[in-house]
Amino acid sequence: MNLIERRKRLLGRHVTTFYDDPFAPVRGQGVWLYDAEGRPFLDCYNNVPHVGHCHPKVVEAIARQAATLNVHTRYVHDGVVEYGERLTGKFSHGLDSMIMVNSGSEANDVALRMAQAVTGKTGIIGTDNTYHGNTAAVSQLNATKVPVGGYGDHVRKVTSPDSLRPVGGNREGQAEAFCAEIETAIAELEATGHGVCALIICPYFANEGFPTLERGFLDRAIAAVRKAGGLIIADEVQPGFGRLGSHWWGHDRLGFAPDIVTLGKPMANGHPVAAVVTRAEVLEAFQDVFKYFNTFGGNPVSAAAAMTTLEVIEDEGLVENAHDVGAYALDQLQGLTGKYDVIADVRGAGLFFGVELMQDGQPASDLALRMVNEMRQRGVLLSTVGRFDNALKIRPPCVFSRENVDLLVSVMDDAFAAVLK
C-alpha cells in the first residue's frame, strides 16, 4: 500500500489534496519545496511560511524556547506579553488588546463571540463565497459545504464583490449595490429577532477571488452595520502581515477601521498560532460574558515563533519586497494577455495576485484546473480561487524575488501553450 492509499485509509477518502498527482514534499527552504528525489518546486501558493520555508531564525527561536520552557498559559511569561505589545503596536484604531489562540478558525470563533458579548445580539452577515474556518460557529459562514440541518436563521449572506461580474451589474455601482444587500440582511435579521452582532469579511476578499476594489469600497456598508449596532470583524488570516505590499493590514489598505481583527496562518511562519486583536472594552465585555481560557494559545514557544517572524518581516524589509515584487509580477503577467485570449483579467496587490480565465464568455474552470496541474508537473505550485474556481491563485512566501517571478511567468507561458494546443 503506497503513501496515498495509506493516507486515505487513515484520514478518510475525502481528505483534501492538491493536484491530480498529489505532491509529497520532504524538505523546504525559502520559496522552494523538494520532493523525495530532490526535485525543486517553486512554491507560489503557501502563505503559511510567510518569511520562507524553514527560515533559520524562526527555527532557532522555536528550538531555543522549546529547550528552555513551555508551559500552560495560566502561568505568566514575559515572552507572551512582549510579543502582544509588539504586535498590537502595528495596529491603529485603538486595537491594543488581544487573545492568542491556535488557529484562524478559533480566532474567528472567538471574534464572533466577542461581537455577541458586546451587542447582546446573534445575527451575523458574511459574503456568499467565503471561508472563515472549521468550527461549528464559523462553518455557518462557509460557502462550499452546507452545515447539517442547513444554515442557521441567524446568518445572512450577501453577494461577494467581483471584478468581472460586479454586484449590481457594473463596477461603478458595485459599492452601493453591495451596501443595499447589507441593508436587506440587516432588516431581515432585525425582523427575526436576531439583530446584528457583526459583519465578518476578509478585507481582501481573498477566497472570493480578490476583486479589484477602490479604497473606501466598504464605507457605506460598514456605516449601515454600525447604525444597526453591529461590529466589524476583519479576517486578516490571508492578507495580513504586509502581504499586500502597501500596508501591514488589508483593512488599512481598503481604508476602514475594524472593531476586531483575526490573524492566523502566517503569524508564526507555520507554527500553529493565531490571535484576535481588539479594543480593551471589547475584550473585557467578552471576558465578562464567557469564561474563556486557552491551554496552548500564547504559550512561550508560540510567542517566540511569532515574535521572530515579526522581526524577520521588519529586518528583511518584506513588506517593501511584497510591494516591489508584486508590482513587477503584475507587469510581467500582463505581457501574457496578448498571447492568450483566455486571460480575462490580471489583478492583485503585493504578493497576492492572479489570473482569471474565461472561454466563450464563461468562467474557464476546467482550463484553470488543467493549468494548475500542468504547472505542478513543470515544477511550479499554485492553485485556483473564486466563485467558479477559474482564477489562478498566486500567493507565495514573502521572500519571493523578481527572479522567481521570471520563472513563474516563463513556466505559465509554456503551460498555457501546452494546454491550449
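Residues numbered from 1 in each chain as written. Predicted model: local features only at pLDDT ≥ 70, side-chain atom pairs only at ≥ 80, totals over all residues. Heavy atoms only, no water.

A.B. asks: Just to check I follow, could you spell out the nonpolar core for this structure?
C.D. replies: The nonpolar side chains of soluble globular proteins are, as a tendency, buried together. If you look at the biggest cluster of nonpolar residues, it comprises 94 residues, and the most contacted ones within it are Leu87, Leu357 and Met412. Counting 23 residues, the second largest nonpolar core, distinct from the first, contains Ala107, Ala111, Val155 and Leu231. (Core = buried A, V, L, I, M, F, W, Y, C linked by side-chain atoms within 4.5 Å. Buried < 20%, exposed > 50% of the residue type's maximum accessible area, 1.4 Å probe, protein only.)

A.B. asks: It is not clear to me how the layout of surface pockets should be interpreted in this structure. Could you clarify?
C.D. replies: Picture a little ball the size of a water molecule; that probe, rolled over the atoms, points out where space is still empty. Size it by volume and the second largest pocket reaches roughly 520 Å³. The wall of the second largest pocket is formed by 25 residues, among which Thr73, Val80, Met98, Ile99 and Met100 lie closest to the centre. Residue assignment for the lining of the second largest pocket shows that the elements contributing at least two residues are α3 (78-88), β4 (97-101) and α8 (280-289). In terms of residues, the lining of the second largest pocket owes the most to one element, α3, which gives five residues. Grouping the constituent residues of the lining of the second largest pocket by class yields twelve nonpolar, ten polar and three charged. (1 Å grid on protein atoms, 1.4 Å probe; cavity = no way out; pocket = protein on both sides within 12 Å on 5 of 7 lines; lining within 4 Å. Points joined across faces, edges and corners; volume = space filled by probe spheres on them. Helix = DSSP H or I, 4+ residues; strand = E, 2+ residues; numbered from the N terminus. Nonpolar A, V, L, I, M, F, W, Y, C, P; charged D, E, K, R; others polar.)

A.B. asks: How should I be thinking about the side chain of Arg156 in this particular structure?
C.D. replies: Along the chain, Arg156 turns up in strand β6 (residues 155-158). A distance of 2.7 Å separates a polar side-chain atom of Arg156 from the backbone oxygen of Asp153. Among the polar contacts made by the side chain of Arg156, one reaches the side chain of Glu188 at a distance of 2.8 Å. Aside from chain neighbours lying at most four places away, what touches Arg156 is Ile124, Ile125, Gly126, Ala185, Glu188, Leu189 and Thr192. (Polar contact = N/O pair within 3.5 Å; in protein donor to acceptor, adjacent residues only side chain to side chain. Contact = heavy atoms within 4.5 Å.)

A.B. asks: Would you mind showing me how to read the environment of Ser103 here?
C.D. replies: Locating Ser103 in the fold gives a position in the loop between β4 and α4 (104-119). When its relative accessible area of 28% is taken as the criterion, Ser103 is described as partly exposed. Along the chain, Ser103 and Gly133 lie 30 residues apart, while their C-alpha atoms are 8.7 Å from each other. At 3.2 Å, the side chain of Ser103 forms a polar contact with the backbone nitrogen of Glu106.

A.B. asks: Help me understand the packing of α4 against α8, please; the structure alone is not making it clear to me.
C.D. replies: Pairs of packed helices are described in terms of their axes, by the angle between the two and the distance that separates them. Two numbers describe how α4 lies on α8: the axes approach to 8 Å, and their chain directions differ by 90°. On the basis of their axis angle, the class for α4 and α8 is roughly perpendicular. Across from Val110, Arg113, Met114, Ala117 and Val118 in α4, the residues of α8 making contact are Val282, Leu283, Ala285, Phe286 and Val289. Tallied by class, the residues present in the contact of α4 with α8 amount to nine nonpolar, no polar and one charged. (Axes fitted to C-alpha atoms, helices over the stretch in contact; angles between N-to-C directions. Parallel < 35°, antiparallel > 145°, perpendicular 65-115°, else oblique.)

A.B. asks: What is the right way to read the sheet that holds strand β3 (residues 40-43) from this model?
C.D. replies: Pairing in this open sheet of four strands is mixed, and the strands run β1-β2-β3-β14 from one edge to the other. The outermost strands of the open sheet, each flanked by one partner alone, are β1 (27-29) and β14 (380-381). As paired strands, β1 and strand β2 (residues 32-34) are joined by three bridges and run antiparallel to one another. Bridge pairing in β2 places Gln29 opposite Trp32. Taken strand by strand, helix α12 (residues 402-419) contacts β2, β3 and β14, and its axis lies near 100° from that of β3. (Pairing = 2+ DSSP bridges.)

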